[in-house]
Amino acid sequence: PGGAPALLALNAEAVLDCRPPVAELWGDTGSRLEERFAARPSAEVLFEWLGTRSRSGRAPDALVRAVVDAPERPTSALARDLHVSERNLRRRVTAAVGYGPKRLARVLRLQGTLAAARAGEELAVAGALGGYADQAHFTNDCVALAGAPPGQIL
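Residues numbered from 1 in each chain as written. Predicted model: local features only at pLDDT ≥ 70, side-chain atom pairs only at ≥ 80, totals over all residues. Heavy atoms only, no water.

Undergrad: Even after reading the chapter, I still don't get the overall build of the protein chain, so can you show me in this structure?
TA: In terms of regular secondary structure, the protein chain is built from 11 helices and zero strands. Projected onto its principal axes, the C-alpha coordinates of the protein chain cover approximately 50 × 40 × 25 Å. Evaluated residue by residue, the protein chain yields a buried proportion of 31% over its 154 residues. Of the contacts formed within the protein chain by residues at least 6 apart in sequence, a portion of 51% connects residues at least 24 apart. By element, 54% of the accessible surface of the protein chain is carried by carbon and sulfur atoms, the whole surface being about 9,300 Å². (Helix = DSSP H or I, 4+ residues; strand = E, 2+ residues; numbered from the N terminus. Buried < 20%, exposed > 50% of the residue type's maximum accessible area, 1.4 Å probe, protein only. Contact = heavy atoms within 4.5 Å. Areas by Shrake-Rupley, 256 points an atom, 1.4 Å probe, with all protein chains shown as cover.)

Given below as structure tokens:
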């Protein structure tokens, strides 16, 4: 999380829940990518382009990485340990992932819980291991964040 804006040179919050055409995001570069993909629609075209971008892109924000590595920590404690204000931390995380540290923590917890369920753990057990109070809490969070209950997502 947080690597795409650096790789793709965009603000995650600006494209949150959007699907803008690549030509709109990157101008001529995006138009050329669309043309290459139209001529040869394959993942290889996209991976080649991403490989080129990764060599010229900027590094992901280290503060965002710190939040991703410790999603359970309160924002105030993280900000203090990282020697930034909570507002600055929230602003940088939002620019990198599209939303603030608290929602990022919820998304990461949901992803981990769904991964456990995909690996064969029963939903109730996966939810408990993920830190949800009960099955309803897990289901409600899943619907709020992913738009569907866990069983449907899986």
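Undergrad: Explain the pattern of salt bridges here, please?
TA: For side chains of opposite charge, pairing can occur when their charged atoms come near one another. Considering all chains together, one arrives at 10 salt bridges under this definition. Where Glu48 meets Arg36, a salt bridge forms, and the shortest distance between an N and an O atom there is 2.7 Å. In this pair, Glu48 sits in helix α4 (residues 43-56) while Arg36 sits in helix α3 (residues 22-39), placing the two residues 12 residues apart along the sequence. Given the relative accessible area of 34%, Glu48 is considered partly exposed. (Salt bridge = Lys/Arg side-chain N within 4 Å of Asp/Glu carboxyl O.)

Undergrad: Would you take a moment to explain the side chain of Thr94 for this structure?
TA: Relative to the assigned elements, Thr94 resides in helix α7 (residues 86-97). Under the relative-accessibility criterion, Thr94 is labelled buried at 12%. There is a polar contact of 2.8 Å between the side chain of Thr94 and the backbone oxygen of Arg90. Here Thr94 is in contact with Ala12, Glu13, Tyr99 and Gly100, once residues within four sequence places are set aside. (Polar contact = N/O pair within 3.5 Å; in protein donor to acceptor, adjacent residues only side chain to side chain.)

Undergrad: When you look at helix α5 (residues 62-69) in this model, what are you seeing that I'm missing?
TA: Note that an α-helix has 3.6 residues per turn; residues three or four places apart therefore point the same way. When α5 is considered as a whole, its buried residues turn out to be Leu63, Val64, Val67 and Val68. Mapping the buried residues of α5 onto a view down its axis gives an arc of 140°, with all of them on the same face. Structural note: α5 exposes Ala62 and Asp69 on the side pointing more than 90 degrees away from its buried face. Taken together, the buried residues of α5 touch α6 (75-82), α7 and α8 (101-118). By the N-cap criterion, in which a side-chain oxygen at the helix start approaches the backbone nitrogen of a residue two or three places on, α5 is capped by Asp61, the distance to Leu63 being 2.8 Å. (Arc of directions from axis to C-beta.)

Undergrad: Sorry if this is basic, but what is going on with α6 here?
TA: Along α6, the residues that are buried comprise Thr75, Ala77, Leu78 and Ala79. Taken together, the buried residues of α6 touch α5, α7 and α8. Looking one or two places after α6, you find His83, whose phi comes out positive at around 60°.

Undergrad: How do you make sense of the nonpolar core when you look at a structure like this?
TA: One recurring pattern in soluble globular proteins is that nonpolar side chains are buried together. Formed by 14 residues in total, the largest nonpolar core has its most connected members in Val64, Val67, Leu89, Val93, Val97 and Leu104. Among the secondary structure elements, those contributing two or more residues to this core are α5, α6, α7 and α8. In this view, Val97 contacts Pro1, Gly2, Ala12, Val64 and Leu104; residues no more than four positions away in its chain are not counted. Leu10, Leu33, Val45 and Trp49 belong to the second-largest nonpolar core, a separate cluster that totals six residues. (Core = buried A, V, L, I, M, F, W, Y, C linked by side-chain atoms within 4.5 Å.)

Undergrad: Would you mind going over the packing of aromatic side chains with me for this structure?
TA: For any pair of aromatic rings, the description rests on two quantities: the centre-to-centre distance and the angle between the ring planes. The final tally for this structure, using the stated rule, is two aromatic pairs. Each ring, one from Trp26 and one from Trp49, has its centre 5.0 Å from the other, and the planes form 50°; the classification is tilted. Taken as a pair, Trp26 in helix α3 and Trp49 in helix α4 lie far apart in primary sequence, 23 residues in all. Since its relative accessible area comes to 10%, Trp49 is described here as buried. A cation over an aromatic ring shows up here: Arg109 above the ring of Tyr132, its NZ or CZ 4.1 Å from the ring centre. (Phe/Tyr/Trp six-rings, centres within 6.5 Å; stacked < 30°, edge-to-face > 60°. Lys NZ or Arg CZ within 6 Å of the ring centre and 35° of its normal.)

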